[in-house]
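Coordinates in review
One letter stands for each residue in the lines below.
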Amino acid sequence: MSPEWHCPDLAAHDLILRACREPAMVQQSVIRRAGTADTLTIRDQVRQALDDHTITEAAVDRILSAHREVQRERRGVA
């Protein structure tokens, strides 16, 4: 089994690191829209706002998931 199965913190850390690979403008734009719509809608809004049609649904999902994980850790609900 991979280490992620044994250590949720490691899996969360990896998720956050992968999300951080996205450009800061993309991260900020996605996070601003967090909770306002589904992943595809957010992707479309970010593509339009940044005029960058290379942004993928997977990138948006990674950023949103990492953002939620960081929020959980800050609240102590890991």
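Described below are features of the structure shown in this document. (Residues numbered from 1 in each chain as written. Predicted model: local features only at pLDDT ≥ 70, side-chain atom pairs only at ≥ 80, totals over all residues. Heavy atoms only, no water.)

1. A look at helix H5 (residues 57-75)
Spanning 19 residues, H5 covers 27 Å between terminal C-alpha atoms, matching the ideal 27 Å at 1.5 Å per step. With its phi angle positive at about 80 degrees, Gly-76 sits one or two positions after the end of H5. (Helix = DSSP H or I, 4+ residues; strand = E, 2+ residues; numbered from the N terminus. Expected span 1.5 Å × (residues − 1).)

2. Overview of the pattern of salt bridges
This structure, assessed with the given rule, holds four salt bridges. One salt bridge in this structure joins Arg-62 and Glu-22, with 2.7 Å as the shortest N-O distance. Of this pair, Arg-62 sits in helix H5 while Glu-22 sits in the loop between helix H2 (8-20) and helix H3 (24-32); the two residues are 40 residues apart in sequence, bridging distant segments of the chain. Judged by its relative accessible area of 23%, Arg-62 is partly exposed. Where Arg-72 meets Glu-69, a salt bridge forms, and the shortest distance between an N and an O atom there is 3.3 Å. Within this pair, Arg-72 and its partner Glu-69 are both found in helix H5, separated by three residues, close to a single helical turn. (Salt bridge = Lys/Arg side-chain N within 4 Å of Asp/Glu carboxyl O. Buried < 20%, exposed > 50% of the residue type's maximum accessible area, 1.4 Å probe, protein only.)

3. Notes on the side chain of Gln-27
Position of Gln-27 among the secondary structure elements: in helix H3. One polar contact links the side chain of Gln-27 to the main-chain carbonyl oxygen of Cys-20, over a distance of 3.3 Å. Residue contacts for Gln-27: discarding those within four places in its chain leaves Ala-19, Cys-20, Glu-22 and Ile-63. (Polar contact = N/O pair within 3.5 Å; in protein donor to acceptor, adjacent residues only side chain to side chain. Contact = heavy atoms within 4.5 Å.)

4. Looking at helix H4 (residues 39-50)
Taking 1.5 Å of rise per residue, the twelve residues of H4 would be expected to cover 16 Å, and the 16 Å separating its terminal C-alpha atoms lies within 8% of that figure. What H4 keeps buried is the set Thr-39, Ile-42, Arg-43, Val-46 and Arg-47. Relative to the axis of H4, the buried residues are bounded by an arc of 135 degrees and lie together on one face. Its buried side turned inward, H4 meets H3 and H5. N-cap assignment for H4: the residue whose side-chain oxygen lies 3.0 Å from the backbone N of Leu-40 is Asp-38. Downstream of H4 by one or two residues, Asp-51 has phi in the positive range, about 50 degrees. (Arc of directions from axis to C-beta.)

5. Focus: the environment of Arg-33
With respect to the secondary-structure elements, Arg-33 resides in the loop between H3 and H4. Between the C-alpha atom of Arg-33 and that of Arg-43, which follows or precedes it by ten residues, the distance is 9.6 Å. The contacts of Arg-33, once residues within four sequence positions are left out, are Ile-42, Gln-45, Val-46 and Ala-49.

6. So, the nonpolar core
Leu-15, Ile-16, Ala-19, Val-26, Val-30, Ile-42, Val-46, Ile-55, Val-60, Ile-63, Leu-64 and Ala-66 form the largest nonpolar core, which has twelve residues in total. Of all the secondary structure elements, the ones that give two or more residues to this core are H2, H3, H4 and H5. Looking at this core element by element, the count peaks at four residues for H5. Here Ala-19 is in contact with Gln-27, Arg-62, Ile-63 and Ala-66, once residues within four sequence places are set aside. (Core = buried A, V, L, I, M, F, W, Y, C linked by side-chain atoms within 4.5 Å.)

These figures capture arrangement, not role.
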